[in-house]
Amino acid sequence: MGLVSMMMSRAAAKHVVAIDNSAIVDCAAVVAEQNNIKNIEFLRGTVQELAEAKKLPTEKFDVILCEWIGSFLTNEAILKDLLYSRDNLLVEGGKVVNAADEGAASGDKPAICPDRSSIHVVGISDFAYYQDTVEYWDNVYGFKMSAMKRLVTEEASTGTINRNSVLTTSCLAHTVDVMTLTEENRKSYSFNYSLRAEKKGIINYLTFFVDCRFNNPIDPGASFVIGFNAGSSNPYTEVSIPLQDTLPVLPKDTISGTVTVTNKEKVTQIELTAVCESGKATVETKGTYYFTF
């Protein structure tokens, strides 16, 4: 938050209020002073707490910067603060700006940046990882610990995947617009997905990854999408879910299903179904998984 606030200061902002709920605030204030930046006010707490206690230096803001995108779109706790800020602190015609796009704060045209983020799904085959994390429990230094498998296979795990493990097309499954997002949809949402197998193999994970975008209705040239393919260099965390039953696929087979994401305190619950329609058979799997962040 310190670096971004200093960038905004140098981008001609008259006054910057930098807010964080951790001790980083004190360090950021020292860094700003070392760089002779005088127009940043550092506050510790949540936006809503500070606003209700009337500790903010102004009632309305022209620009809000917030890195709100989570691995499952709406599972970052800061998003609750952003919705409060959008509804109570943003001036009419103001802007919500992503921390990655400091330059979007300049100019007097209304804009929201990024205004949307989408989640994508892809099917992968990674038996080496499956052996290390699941089958490992069959023999742990000579002890049978297979009871641990159930817990492991209910966990969504993070980590960059190998692009050679990808067996299917990717599916843009769900999009969140931060300006129309409700508190109800922040807590829970559902979507359908459909994939097509591109090569023969066995799918044992579905991997989820997100993008972000900015659609400028006034200046289309200022619009952009920050997006990545699965298995490439992705600044956002890729999350893989182990299927309870693996799905053998041939090229052109279809894999479809539903996902329901529910955000709880410090954990995201994912209910998933997957059906593989093949020329030889139809295979279905489902499960409930948990992602801790």
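Residues numbered from 1 in each chain as written. Predicted model: local features only at pLDDT ≥ 70, side-chain atom pairs only at ≥ 80, totals over all residues. Heavy atoms only, no water.

Novice: What am I meant to see in the sheet that holds strand S13 (residues 254-264) here?
Specialist: Within a sheet, neighbouring strands are paired by backbone hydrogen bonds and run either parallel or antiparallel to one another. Taken in spatial order, the 4 strands make up an open sheet running S9-S13-S14-S15, and their pairing is antiparallel. The sheet is open, and its two borders are formed by strand S9 (188-196) and strand S15 (282-292), each paired with just one other strand. Sheet twist, expressed as the average angle between the axes of neighbouring strands with direction ignored, equals 15 degrees. Bridge count for S9 against S13 is 9 bridges, and the pairing is antiparallel. When the bridges of S13 are listed, Arg-196 appears paired with Thr-254. (Pairing = 2+ DSSP bridges. Helix = DSSP H or I, 4+ residues; strand = E, 2+ residues; numbered from the N terminus. Axes fitted to C-alpha atoms, helices over the stretch in contact; angles between N-to-C directions.)

Novice: What should I look at first to understand the pairing of S13 in this one?
Specialist: Relative to strand S14 (residues 267-277), S13 runs antiparallel, the two being bridged by 9 bridges. Paired with Lys-264 across the two strands is Val-267, which belongs to S14. Linking S13 to S14, which pair antiparallel, is a turn of 2 residues; within it Lys-266 sits at a positive phi near 65 degrees.

Novice: Please clarify how helix H1 (residues 2-10) should be interpreted in this entry.
Specialist: For an α-helix, 3.6 residues make a turn, and residues three or four places apart therefore share a direction. Inspection of H1 places Gly-2, Val-4, Ser-5, Met-6, Met-8 and Ser-9 among the buried residues, and these make up the whole buried set. Considering only its buried residues, H1 is in contact with strand S1 (16-20), helix H2 (24-34), strand S2 (40-44) and strand S3 (61-65). One or two positions beyond H1, positive phi appears at Ala-12, with a value near 80 degrees. (Buried < 20%, exposed > 50% of the residue type's maximum accessible area, 1.4 Å probe, protein only. Contact = heavy atoms within 4.5 Å.)

Novice: What's the story with the packing of aromatic side chains in this structure? I'm lost.
Specialist: Two numbers describe a pair of aromatic rings. These are the distance of the centres and the angle of the planes. This model, assessed by the stated rule, comprises 6 aromatic pairs. Measuring from centroid to centroid gives 6.2 Å for Tyr-189 and Phe-191, while their planes differ by 25 degrees, and the two rings are stacked. With relative accessibility at 6%, the residue Tyr-189 sits in the buried group. Accessibility expressed as a relative area gives 5% for Phe-191, which makes it buried. Every member of this aromatic cluster is reached through a ring pair, and the members are Phe-72, Phe-208 and Phe-291. (Phe/Tyr/Trp six-rings, centres within 6.5 Å; stacked < 30°, edge-to-face > 60°.)

Novice: Hey, could you run me through the environment of Asp-20 in this one?
Specialist: Inspection of the secondary structure assignment puts Asp-20 in strand S1. Sequence-wise, Asp-20 and Ile-78 are 58 residues apart; in three dimensions their C-alpha atoms are separated by 9.8 Å.

Novice: Any chance you could explain the nonpolar core here in plain terms?
Specialist: Soluble globular proteins tend to pack their nonpolar side chains together in the buried interior. Grouped together as the largest cluster of nonpolar side chains are 44 residues, with contacts concentrated most on Phe-72, Phe-191, Tyr-193, Leu-206, Phe-208, Ile-255 and Leu-272. In this structure, Phe-72 is in contact with Ile-119, Tyr-189, Phe-208, Val-239, Ile-241, Val-261, Thr-268, Ile-270 and Phe-291, ignoring residues within four places of it in sequence. Val-122, Ile-124, Trp-137 and Ile-161 belong to the second largest nonpolar core, which has 12 residues in total. (Core = buried A, V, L, I, M, F, W, Y, C linked by side-chain atoms within 4.5 Å.)

Novice: So what exactly am I meant to see when it comes to the pattern of salt bridges here?
Specialist: Opposite charge on two side chains permits them to pair, given that their charged atoms come into close proximity. Considering all chains together, one arrives at 7 salt bridges under this definition. Two residues, Arg-150 and Glu-154, come together in a salt bridge whose shortest N-O distance is 3.3 Å. With relative accessibility at 23%, the residue Glu-154 sits in the partly exposed group. One salt-bridge network, in which partners are shared between bridges, spans Glu-135, Asp-138 and Lys-149. (Salt bridge = Lys/Arg side-chain N within 4 Å of Asp/Glu carboxyl O.)

The values reported here are purely geometric and, on their own, carry no functional implication.
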